[in-house]
Amino acid sequence: MGGNGKRRWKIFIYRSKSPKKKDPPREFLCPISGSLMSDPVVVTSGQTFERASVQACQELGFSPALPDGSAPDFSALIPNLALKSTILNWCATTGAEHPAPPDYASVKSAVVQLVAKDKGQSRASERELLEGVAEKPKMLFTHASTELNHRASHFYSSSSEESVIANVPASPLLSFATRPACYSSSSSSEILAEEAGNPDSTAEEQEIAAKLKSADVYEQEQGVMALRKVSRTNEAARVSLCTVRLMAALRPLLTSRYTAVQANAAASLVNLSLEKANKVRIVRSGAVPPLIDVLKGGCAESQEHAAGALFSLALEDDNKTAIGVLGALQPLLHALRSESERTRHDSALALYHLSLVQSNRVKLVKLGAASILLTTLRSAELAGRVLLVLCNLAACAEGKSAMLDSNAVDCLVGMLRRGSELASESTRENCVAALYALSHGSMRFKGLAKEARAAEVLREVEERGSDRAREKARRILVALRGRDEEVNWEGVLEGGASRTRHRVGVNAHGANSTEF
């Protein structure tokens, strides 16, 4: 109250701010419609679209040019369940509405507008090309005459060159189809754009790409040999040569009916994939489906390189889900029985890196990988790598259940008991680690371990094994005895042996006490 006896009132007005709507991540949006995807699918070239958008493009025979310069291949569609689940989780977290299936008529209308726009941009250049065509062009028989000529001494022999593999340290023939062997799904406008003067293009890249696109098999052979040679040790060349144009020319040669062309094309792709900057680019170029075809039915050398390329590409986290969705898991499992040691090893390493992703682990379980991998353990030289895959499978509930159903406990305990099947101490560690992963959170493990008499084998490991193996064996024995103990499960599974030993009990005053 003031001196004049009047009251002064202060009025505060609170205005509630409406929450700002969060925009969805770009990878949740369909590149064609620009809307949040309700039914995302992965196409053959590796990109993800809304199903309705792809169907509209297929109906109209249209392949849009994407912002990154790539051209999608709509020949096959695979549901991207992992991305769909991620989108739904994002909607639940942010409060956004779940995406509704788009109206097909609206999507088709939008694609029609894109088609009209694309034709409008290319109409002028097409007219110029037509005006420049002669009324009676000369007939060229270069391809036919070349094929008739005898070239006995020109074909490449793969035995004279050193094979190129991805894991240097330690470690198909297509059925008749309507498409020619030189077919490429990349859009002509995309390739013409590079030929018109890409600043990143080099004379060497242009020369190799021209040979790869030649109708003459001998020129294709010389091109892939040159690409393999220059990309073997020149890291800078690997990056500069991994262009859209060259990848579009190289991709169909992976499934060439000529063994020398196919093998050198696959080896070249391995070399290009060694650079981290190229890994995602290669997958997006659509090279994975041909690699899978080679792994299924290519020549022996080509299968080695295909397995190595898939292993190299699987090292990149952004590629793991796409490679699994495109169908590489089953051929890689089958390749574990290959006669080639290099194919077996690289396939196992590829499976290990791909199984780090939950969606691929679930796919492997559905493919019956648990029993296949346990059978493969009989091979001593492959056991260490296969055990790594089994450890990843045991990290998910579906994989653990499948392994227990496949008698994994008895199989792993038998390996430890015989000892002769363990090629090295690291293999013993991986075997104990697989048992440890199965023991965590499983009520069935204790009974199966008792039936397999695992305790006596684990006691021997606890006494004579390495530090990591002893630590895991001790933890398993604690679980078998039924004692409650605080365990850093994730730390031990990742290989870090915990050195902290503690006991929980009751002191004289009735309070809980902990000794460290």
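Procedures and definitions
- Residues numbered from 1 in each chain as written.
- Predicted model: local features only at pLDDT ≥ 70, side-chain atom pairs only at ≥ 80, totals over all residues.
- Heavy atoms only, no water.
- Helix = DSSP H or I, 4+ residues; strand = E, 2+ residues; numbered from the N terminus.
- Buried < 20%, exposed > 50% of the residue type's maximum accessible area, 1.4 Å probe, protein only.
- Areas by Shrake-Rupley, 256 points an atom, 1.4 Å probe, with all protein chains shown as cover.
- Pairing = 2+ DSSP bridges.
- Axes fitted to C-alpha atoms, helices over the stretch in contact; angles between N-to-C directions.
- Parallel < 35°, antiparallel > 145°, perpendicular 65-115°, else oblique.
- Left-handed = near helix turned anticlockwise from the far one by under 90°.
- Contact = heavy atoms within 4.5 Å.
- Nonpolar A, V, L, I, M, F, W, Y, C, P; charged D, E, K, R; others polar.
- Expected span 1.5 Å × (residues − 1).
- UniProt positions renumbered as here; feature names shortened; annotations may be inferred.
- Salt bridge = Lys/Arg side-chain N within 4 Å of Asp/Glu carboxyl O.

Once that is clear, we can look at the overall build of the protein chain. The number of helices and strands found in the protein chain is 26 helices and five strands. Taken across its 516 residues, the protein chain has 46% of its residues classed as buried. Counting every atom, the protein chain has about 28300 Å² of accessible surface; 52% of that belongs to carbon and sulfur.

Read across the open sheet, the three strands follow the order β2-β1-β3; overall the sheet is antiparallel. On the outer flanks of this sheet lie β2 (48–50) and β3 (77–79), each paired with one strand and no other. In this sheet, adjacent strand axes meet at a mean angle of 45° when their direction is disregarded. Of the pairings in the sheet, the one linking strand β1 (residues 40–43) to β3 comprises three bridges and is antiparallel in character. Pairing of valine 43 across the sheet is with leucine 77, part of β3.

Across the interface, helix α11 (residues 276–284) lies against helix α14 (residues 317–325) with an axial gap of 9 Å and an inter-helix angle of 25°. Between α11 and α14, the angle is such that the two are roughly parallel. In the packing of α11 onto α14, the handedness of the crossing is left-handed. In this structure, α11 uses Lys279, Val280 and Val283 to contact α14, whose residues at the interface are Asp318, Asn319 and Ala322. Class assignment of the residues belonging to the contact of α11 with α14 gives a composition of three nonpolar, one polar and two charged.

In this model, helix α13 (residues 300–314) (15 residues) spans 21 Å end to end at C-alpha, consistent with the 21 Å of a helix rising 1.5 Å per residue. Counting buried residues along α13, 14 of its 15 residues qualify, which places the element largely inside the surrounding structure.

The alternating pattern of β1 places Pro40 and Val42 and Val41 and Val43 on opposite faces, both of which are buried. In this sheet, β2 lies alongside β1 in antiparallel orientation, the contact comprising three bridges. Across the sheet, residue proline 40 finds its bridge partner in β2, namely glutamate 50. Remark: four residues form the turn of the hairpin made by β1 and β2, two consecutive strands paired antiparallel; glycine 46 in that turn has positive phi of roughly 105°.

To continue, consider unusual backbone geometry. One non-glycine residue, asparagine 407, adopts positive backbone phi at about 65°. Relative to the elements of secondary structure, asparagine 407 occurs in the loop between α20 (397–405) and α21 (408–418). The phi dihedral of arginine 453 falls on the positive side, at around 55°, and the residue is not glycine. Topologically, arginine 453 is positioned in the loop between α23 (444–451) and α24 (454–464).

In the numbering used here, UniProt assigns the feature "repeat: ARM" (unreviewed entry) to residues 245–287 and 286–323. Secondary structure across residues 286–323 comprises 84% helix and 0% strand; the distance between its end C-alpha atoms is 11 Å.

The subject of this paragraph is the pattern of salt bridges. Using the criterion set out here, one finds 17 salt bridges in the structure. Residue glutamate 205 pairs with arginine 245 through a salt bridge whose shortest N-O separation is 2.8 Å. Linking glutamate 205 in helix α6 (residues 203–212) with arginine 245 in helix α9 (residues 244–250), this pair joins segments that are 40 residues apart in sequence. Both residues of the pair, glutamate 205 and arginine 245, belong to the buried class. Here arginine 468 ties to glutamate 429 by a salt bridge, and the two come within 2.3 Å at their closest N and O atoms. Here arginine 468 is found in helix α25 (residues 467–481), whereas its partner glutamate 429 is found in helix α22 (residues 425–439), with 39 residues between them in sequence. With a relative accessible area of 28%, arginine 468 lands in the partly exposed category. When salt bridges with common partners are traced through the structure, they connect Arg417, Arg453 and Glu456 into a single cluster.

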